[in-house]
Amino acid sequence: MLESLITWVNAWLGEDVGAKLAYITNGKHLLWYASVRFTLIAAFGSAAFAVFFGLIGAALKQATFTPFRWIGNFYTTIVRGVPDLLFILFFPLAFEQTVEYFIARVKCGADVVAAATTWPPCPEAQWLLSTGDYLFMACLSLGIVYGAFAANVIHGAMQAVSKGQLEAASAYGFSRRQVFWQFKVRQMWVYALPGLSNVWILLIKATSFLSLLQIADIVTWAGRLGGANYFPRMGLIHPDWRWKYYLVLFIFFILLTMISERFFEVLQTRASRGMSLAGVKSDV
Amino acid sequence: MFDSLMQTAFMQDVVILAKPALFNLYFALVSIPVGFPLAILFAVGKGSGNKLISIFSRGFIYAFRGSPLFIQFFMFYSIMLALNKPLWKPLGVDDFILHPLFLGPLVLVLNTCAYSAEIFYGALKSTPKGEVEAAQAMGMSPFNVFRKVTWPNMLRLAWPAYTNEMVFLFHATAIVYFTLPVINEQKDLMNKAGELFEKDYNLFLHFTVAGLYFLTISMVLFWLAGLVQKRLNRHITGAKPLSFRLFPRSRSSQ
């Protein structure tokens with residue numbers, strides 16, 4: 001079956017094109033295509049975390065208890081004042097070290113931990129993370145960073161929810177918590193959509209950092225496949241082709257952005273059916 | 001008292017990371033002044049009546065805003081490497097072109113140019129039509145209309161968003177040395193913090209100090225931009241001061 005396919009392609013498009021097709025579908029290239037899954041998992045996973053942290057951040061920013069408000073504002077300000085890259089590298093390492101510290105307390109003893117000059121204090125406390133663990137950490141840290149952006153968006157969207165709706169709800173005897181979660185939060189989504197769309201696009205672009213967290217993602221593979229390929233027995237197979245592979249990634253991310261924009265446009269039209277949004281500032 | 005303060009690990013990190021911080025500042029301070037006029041050109045180009053110029057500007061802006069800066073760095077570095085043998089070596093400029101201190105700002109300029117052009121384009125579109133028509137009715141030449149009416153309005157409207165863009169560009173300089181080669185001791189904040197971390201694994205200390213450097217310089221940038229904002233709005237009574245907030249088309253490094 002596969003043999004006849006190859007002969008058919010060669011006959012139809014010529015040997016040259018056939019060889020090129022064979023090259024870009026070899027095992028390593030298939031692994032490259034498959035590694036797109038890490039990018040997508042990280043994007044969707046961190047989007048879920050970002051919405052979660054965004055909701056908490058927005059709730060804190062408008063809490064009546066002042067220290068909560070401080071925490072909310074501190075969270076959104078700090079994350080915006082420091083590069084996302086720093087957080088993306090910091091959180092997984094910080095989590096790993098914290099876990100290792102507790103393992104060390106149990107396995108090495110408190111005096112060894114106190115006297116230790118290197119990390120981990122004793123070899124038994126080493127916690128080796130798998131790709132899945134790193135992926136989860138990446139989702140969490142991207143979620144925390146972009147959650148701060150989402151918190152700003154959601155906070156703004158909540159201000160846009162009509163006061164009359166909330167007053168009506170409390171007049172019907174709903175408690176403060178119910179008014180917040182069941183009326184404010186339910187109604188703010190349509191106002192938050194344009195802003196959340198921007199956060200999502202930022203997030204997709206940030207997934208390119210996965211390679212810095214020991215994950216063999218599309219960026220790592222592009223570097224591996226593109227590098228000059230030389231075997232002592234076969235000579236130079238190809239020179240440095242990395243620019244071709246990075247160009248493909250460049251286009252891949254542009255397409256991803258394009259698809260996301262279309263999707264959010266459709267979602268926006270659907271979500272705003274029957275709502276009069278004229279005069280509402282959606283660009284929070 | 002002062003000596004014992006300087007002996008603390010925290011203050012020692014502050015001293016060690018002062019020079020790396022200059023590298024981040026260098027990348028930002030070279031890219032911003034070059035990117036600014038280019039961005040205005042692209043913004044005018046995007047709104048231009050000429051189809052070819054408009055499509056080119058739109059394509060450029062979309063491509064560089066739609067892809068991660070991380071990939072843009074890798075792409076440009078590898079393209080420059082591929083051009084080394086046929087172009088840079090024969091011309092004798094290979095050392096210069098492939099140097100991170102040149103290539104870093106080059107990519108940052110292209111990136112900030114696209115983001116700023118989008119900001120300025122939005123501002124151009126919201127320039128009050130009445131003012132432009134009034135200027136035309138007064139018999140001003142198109143160049144004069146731009147210089148006296150469109151330009152000051154555009155700058156005033158775009159400034160808050162442009163301030164955010166400048167700060168994000170400064171943050172984006174953290175990526176440079178993750179993609180380009182590090183030459184000797186030419187290291188930026190992230191690089192040096194990473195190096196210190198590998199020595200004693202004191203993650204919280206080194207990354208906090210590096211983060212504080214970024215935070216402080218960002219605050220200074222916001223403050224400086226606020227002064228400019230005040231000046232741009234000096235004819236408007238009761239103008240609101242610039243606040244530290246998220247803008248819709250803001251971005252991060254990537």
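For the structure itself, consult the block above.
### Let's talk about the overall build of chain A
Line of reasoning, step 1. The number of helices and strands found in chain A is 11 helices and two strands.
Line of reasoning, step 2. Start at the N end of chain A and walk to the C end: the helices and strands fall as α-α-α-α-α-α-α-α-α-α-β-β-α.
Line of reasoning, step 3. Since a compact globule built from 284 residues should have a radius of gyration of about 19 Å, the 25 Å found for chain A marks it as more spread out than a globular shape.
Line of reasoning, step 4. The principal-axis extent of the C-alpha atoms belonging to chain A is close to 80 × 65 × 35 Å.
Line of reasoning, step 5. For chain A, the share of sequence-separated contacts (at least 6 apart) that also reach a separation of at least 24 residues comes to 71%.
Line of reasoning, step 6. Total accessible area computed for chain A in this model is approximately 15300 Å², and 67% of it derives from carbon and sulfur atoms.
Line of reasoning, step 7. Between the mean site of the 22 positive side-chain charges and the mean site of the 15 negative ones, chain A shows a separation of 11 Å.

### Describing the overall build of chain B
Line of reasoning, step 1. Each helix and strand counted, chain B has 13 helices and zero strands in total.
Line of reasoning, step 2. Seen in sequence order, chain B has helices and strands lined up from the N terminus as α-α-α-α-α-α-α-α-α-α-α-α-α.
Line of reasoning, step 3. Each principal axis of the C-alpha distribution contributes one length, and for chain B these read about 70 × 55 × 30 Å.
Line of reasoning, step 4. The burial tally for chain B puts 50% of its 254 residues in the buried class.
Line of reasoning, step 5. Considering only intrachain contacts with a sequence separation of at least 6, the fraction spanning at least 24 residues in chain B is 76%.
Line of reasoning, step 6. Looking at charge distribution, chain B has the averaged site of its 22 positive side-chain charges lying 16 Å from that of its 13 negative ones.

### Re the pattern of salt bridges
Line of reasoning, step 1. All chains considered together, the criterion is met by nine salt bridges over all chains.
Line of reasoning, step 2. Here Asp240(A) makes a salt bridge to Arg242(A), at a shortest N to O gap of 2.8 Å.
Line of reasoning, step 3. Judged by relative accessible area, which is 25%, Asp240(A) ranks as partly exposed.
Line of reasoning, step 4. Here Lys46(B) makes a salt bridge to Glu118(B), at a shortest N to O gap of 2.8 Å. Within this pair, whereas Lys46(B) is found in helix H3 (residues 18–46), its partner Glu118(B) is found in helix H8 (residues 100–125), the two being separated by 72 residues in sequence.
Line of reasoning, step 5. Overall, the relative accessible area of 11% leaves Lys46(B) in the buried class.
Line of reasoning, step 6. A single network of salt bridges, built from pairs that share partners, joins Glu185(B), Lys187(B), Lys192(B), Glu195(B) and Lys199(B).

### Some points on the side chain of Thr112(B)
Line of reasoning, step 1. Structurally, Thr112(B) is set in helix H8.
Line of reasoning, step 2. Contacts of Thr112(B), omitting those with residues within four sequence positions, involve Ser31(B), Gly35(B), Ala117(B), Glu165(B) and Leu169(B).

### Re the environment of His171(B)
Line of reasoning, step 1. Here His171(B) shows up in helix H10 (residues 142–172).
Line of reasoning, step 2. When the C-alpha atoms of His171(B) and Leu215(B) are compared, they prove to be 9.4 Å apart, with 44 residues separating the residues in sequence.
Line of reasoning, step 3. Beyond its immediate sequence surroundings of up to four residues, His171(B) is in contact with Arg80(A), Gly81(A), Val82(A), Pro83(A), Phe214(B) and Ser218(B).

### A word on the environment of Met158(A)
Residue and element names in this part refer to chain A.
Line of reasoning, step 1. If you trace the backbone, Met158 turns up in helix H7 (residues 131–160).
Line of reasoning, step 2. Of the residues examined, Met158 reaches a relative accessible area of 1% and is grouped as buried.
Line of reasoning, step 3. Placed 31 residues apart in sequence, Met158 and Trp189 show a C-alpha to C-alpha distance of 8.5 Å.
Line of reasoning, step 4. Dropping the residues within four chain positions of it, Met158 is found in contact with Leu55, Ala58, Gln62, Phe180, Lys184, Val185 and Met188.

### Some remarks on the interface of chain A and chain B
Note: interface size is frequently given as the accessible area lost on complex formation between the parts.
Line of reasoning, step 1. Listed per partner, the contact involves 43 residues of chain A and 46 residues of chain B.
Line of reasoning, step 2. Each partner contributes to the roughly 4100 Å² buried at the junction of chain A and chain B, and carbon and sulfur atoms together form 73% of this total.
Line of reasoning, step 3. Three residues stand out in chain A for area buried against chain B, namely Arg80(A), Lys205(A) and Phe250(A), and they jointly supply 17% of the buried area on that side.
Line of reasoning, step 4. For the pair chain A and chain B, the interface holds zero salt bridges.
Line of reasoning, step 5. Across the chain A-chain B interface, the total number found is nine residue pairs in polar contact (both at pLDDT 80 or more).
Line of reasoning, step 6. Of all the elements in the fold, those that place two or more residues in the side of chain A that touches chain B are helix H4 (66–81), helix H5 (84–107), H7, helix H9 (176–206) and helix H11 (242–271) of chain A.
Line of reasoning, step 7. The element that contributes the greatest number of residues to the side of chain A that touches chain B is H11(A), accounting for 11 residues.
Line of reasoning, step 8. The class makeup of the residues in the side of chain A that touches chain B is 27 nonpolar, nine polar and seven charged.

### Describing the packing of aromatic side chains
Line of reasoning, step 1. In the structure shown here, the tally under the stated rule is 38 aromatic pairs over all chains.
Line of reasoning, step 2. When the ring of Phe180(A) is compared with that of Trp181(A), the centres are 5.0 Å apart and the planes differ by 90 degrees; the resulting orientation is edge-to-face.
Line of reasoning, step 3. The exposure class of Phe180(A) is buried, given its relative accessible area of 16%.
Line of reasoning, step 4. Its relative accessible area of 41% is what places Trp181(A) among the partly exposed residues.
Line of reasoning, step 5. Geometrically, the ring pair formed by Phe96(B) and Phe102(B) is tilted, given 4.8 Å between the ring centres and 40 degrees between the ring planes.
Line of reasoning, step 6. Taking relative accessible area as the criterion, Phe96(B) reaches 51% and is therefore assigned exposed.
Line of reasoning, step 7. Among the aromatic residues, those joined into a cluster by ring pairs are Phe87(A), Phe90(A), Phe91(A), Phe197(B), Tyr201(B), Phe204(B) and Phe207(B).
Line of reasoning, step 8. Taking the ring centre of Trp221(A) as reference, the NZ or CZ of Arg224(A) above it sits at 4.7 Å.

### With respect to a nonpolar patch on the surface
Residues and elements named next belong to chain A.
Line of reasoning, step 1. A contiguous nonpolar patch, built from Leu2, Leu5, Ile6, Trp8, Trp12, Leu13, Val17, Leu21, Ile24, Leu30 and Tyr33 and spanning about 1100 Å² of accessible area, is present on the exposed surface.
Line of reasoning, step 2. With nine residues, helix H1 (residues 2–24) is the largest single contributor of residues to the nonpolar patch.
Line of reasoning, step 3. Relative to the assigned elements, Trp12 resides in helix H1.

What counts as what
- Residues numbered from 1 in each chain as written.
- Chains lettered and ligands numbered in written order.
- Predicted model: local features only at pLDDT ≥ 70, side-chain atom pairs only at ≥ 80, totals over all residues.
- Heavy atoms only, no water.
- Helix = DSSP H or I, 4+ residues; strand = E, 2+ residues; numbered from the N terminus.
- Rg over C-alpha atoms; globule rule 2.2 N^0.38 Å.
- Contact = heavy atoms within 4.5 Å.
- Areas by Shrake-Rupley, 256 points an atom, 1.4 Å probe, with all protein chains shown as cover.
- Lys, Arg positive; Asp, Glu negative; His and termini not counted.
- Charge placed at Lys NZ, Arg CZ, Asp CG, Glu CD.
- Buried < 20%, exposed > 50% of the residue type's maximum accessible area, 1.4 Å probe, protein only.
- Salt bridge = Lys/Arg side-chain N within 4 Å of Asp/Glu carboxyl O.
- Buried area = accessible area lost by both parts, 1.4 Å probe.
- Polar contact = N/O pair within 3.5 Å; in protein donor to acceptor, adjacent residues only side chain to side chain.
- Nonpolar A, V, L, I, M, F, W, Y, C, P; charged D, E, K, R; others polar.
- Phe/Tyr/Trp six-rings, centres within 6.5 Å; stacked < 30°, edge-to-face > 60°.
- Lys NZ or Arg CZ within 6 Å of the ring centre and 35° of its normal.
- Patch = residues over 30% accessible without salt bridge, like charges linked within 9 Å, V, L, I, M, F, W, Y side chains within 5 Å.

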